[in-house]
Amino acid sequence: MEPSLAGEAEGAGRFRASEHQHVRYNPLRDDWVLVSAHRVKRPWQGQLEKPPPEDVPRWDPKNPLCPGATRANGEVNPNYEGTFVFPNDFPALQPDAPEPDDSDHPLFRAAPARGVCKVMCFHPWSDLTLPLMSLPEIRAVIDAWAELATELGASYPWVQIFENKGAMMGCSNPHPHCQVWASSFLPNEARLEDQTQRQHLSQHGVPMLLEYAEQEACRKERLVVENADWLVVVPYWATWPYQTLLLPRRHVCRLQDLSDSEKDNLASIMQRLLIKYDNLFEVSFPYSMGWHGAPTGPYLQEDCRHWQLHAHYYPPLLRSATVRKFMVGYEMLAQAQRDLTPEQAAERLRSLPEVHYKKRAEEV
């Protein structure tokens, strides 16, 4: 139900989203976010983060993700030259875990959780991130993602591909890599998105995010980058300051369903977006990102037309390379809140150059 507007001051001036607080509905999560754009003007006296190091060695024999290095379990990495996938040495999910005992009370429920966790290195060099990689190198990452989604999705209901970039997002190793967790259950976010997208298709006759992409392509105000097959927007309901949503223009349910040309254009639009991210504060931009698509495993035989493939990017930086957004207090106890409007964030990202700041510096 829409939040009540009772108590609104009489005689108030005309509403302007860039100046007046309001709440926005997120149909994908069925919740609301408080937008308080006027708060971005307040002086900052809080925590300052340390910028990421610029002197990461290209190869370090002590780095367990580097080619030829020895990992914690004693295994030696091959001298790989492209992507490299291996089982996580400290997995959160294992395929052979025993089942919990039956609960003796409905307030104390447990259920089985099995799965596998893998790590995927994007490139053999530790000082190279996705925005600095070539298009063929990024395409190789996308191909490896699709292969893992197919392989693990043959038996597991959910395959979560995600990248935590930067120490600010809990990444313990600067080497360019992501993780892939396949689980025997649908995680919370997947179950929620399954419900909301199913309901939207039932009520409106069109997949939610396909309709949303068409609307944003026409409206333009939250558009960051686009090409023939993809578009990136700061979503109308964004919670993180420079959060973006990567969407295909065609109705496609899973990463492994993409055509070759769509994968080529995906590599291009990812590179453009990530260059803009790095250029925003001229720093290797931290974020957590991940892919969401239709469930797999037993769901491969079910009707999943309500799903639309998409990727979420959640970056924490707010004002500079050292000032981040904290989701605490009100956000933890009431609802999400943001300080600048999604339209302001999109305009700022859209106006940034598509040549990486490091490469511009090299040309000078």
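Just so you know, these numbers come straight off a predicted model, no measurement behind them.

Engineer: Can you help me understand the sheet that holds strand E14 (residues 336-338) in this one?
Structural biologist: Pairing between the strands of a sheet is mediated by backbone hydrogen bonds and can be parallel or antiparallel. The mixed open sheet is built from three strands, whose spatial order is E1-E2-E14. Because the sheet does not close on itself, it has two edges, and the strands there are strand E1 (22-26) and E14. With direction set aside, neighbouring strand axes in the sheet form an average angle of 30 degrees. Looking at chain direction, E1 and strand E2 (residues 31-35) are connected through five bridges and run antiparallel. Among the inter-strand pairings, His 22 is bridged to a residue of E2, identified as Val 35.

Engineer: Sorry if this is basic, but what is going on with the pairing of E1 here?
Structural biologist: If a strand is regular, its side chains alternate between the two faces of the sheet. Burial along E1 is one-sided: the residues His 22, Arg 24 and Asn 26 are buried and none of Val 23 and Tyr 25 is. Once E1 ends, the chain turns through four residues before running back antiparallel as E2, passing Asp 30 with a positive phi of about 55 degrees.

Engineer: Explain the sheet that holds strand E9 (residues 244-248) to me, please; I cannot follow it from the model alone.
Structural biologist: One open sheet accounts for nine strands, arranged E3-E4-E6-E5-E10-E11-E9-E8-E7; its pairing is antiparallel. The open sheet has two edge strands with one neighbour each: strand E3 (84-87) and strand E7 (223-226). Strand-to-strand twist of the sheet, defined as the mean angle between neighbouring strand axes without regard to direction, takes the value 20 degrees. Bridge count between strand E4 (residues 115-121) and strand E6 (residues 177-183): seven bridges; the pairing is antiparallel. Opposite Cys 117, over in E6, you have Trp 181 as the bridge partner. Strands in contact with helix H1 (residues 135-153) are E3, E4, strand E5 (158-165), E6 and strand E10 (287-292); relative to E4, the strand with the most contacts, it is inclined by about 170 degrees.

Engineer: How should the state of the cysteines be read in this particular structure?
Structural biologist: Simply put, the disulfide is a covalent bond whose two ends are the sulfur atoms of two cysteines. According to the stated counting rule, one finds zero disulfides in the structure shown. Of all cysteine sulfurs, the one in Cys 121 lies closest to Cys 171, which takes part in no disulfide; the gap is 11 Å. The thiol of Cys 178 is unpaired, and the distance to the nearest cysteine sulfur, on Cys 121, comes to 8.8 Å.

Engineer: Quick question: what am I supposed to make of the pattern of salt bridges here?
Structural biologist: Think of it this way: side chains of opposite charge can pair up when their charged atoms draw near. A complete count under the given rule lists 25 salt bridges for this structure. We note a salt bridge from Asp 264 to Arg 139, for which the minimum N-O separation is 2.6 Å. Here Asp 264, found in helix H4 (residues 260-281), pairs with Arg 139, found in helix H1; they are 125 residues apart in sequence, far enough to count as distant. The closest approach of N and O atoms between Glu 216 and Arg 222, which form a salt bridge, is 2.8 Å. A relative accessible area of 4% places Arg 222 in the buried class. When salt bridges with common partners are traced through the structure, they connect Arg 24, Glu 216, Glu 221, Arg 222 and Glu 343 into a single cluster.

Engineer: Please explain helix H6 (residues 342-350) as it appears in this structure.
Structural biologist: Where H6 is concerned, the buried positions are Pro 342, Glu 343, Ala 345, Ala 346 and Leu 349. What you see down the axis of H6 is that its buried residues fit within an arc of 160 degrees, all on one side. Tucked into the core, H6 has its buried residues touching E1, E7, E9, H4 and E14.

About the cut-offs
Residues numbered from 1 in each chain as written. Predicted model: local features only at pLDDT ≥ 70, side-chain atom pairs only at ≥ 80, totals over all residues. Heavy atoms only, no water. Pairing = 2+ DSSP bridges. Helix = DSSP H or I, 4+ residues; strand = E, 2+ residues; numbered from the N terminus. Axes fitted to C-alpha atoms, helices over the stretch in contact; angles between N-to-C directions. Buried < 20%, exposed > 50% of the residue type's maximum accessible area, 1.4 Å probe, protein only. Contact = heavy atoms within 4.5 Å. Disulfide = S-S within 2.5 Å. Salt bridge = Lys/Arg side-chain N within 4 Å of Asp/Glu carboxyl O. Arc of directions from axis to C-beta.

Everything listed here is a matter of coordinates, which is why it stays silent on function.
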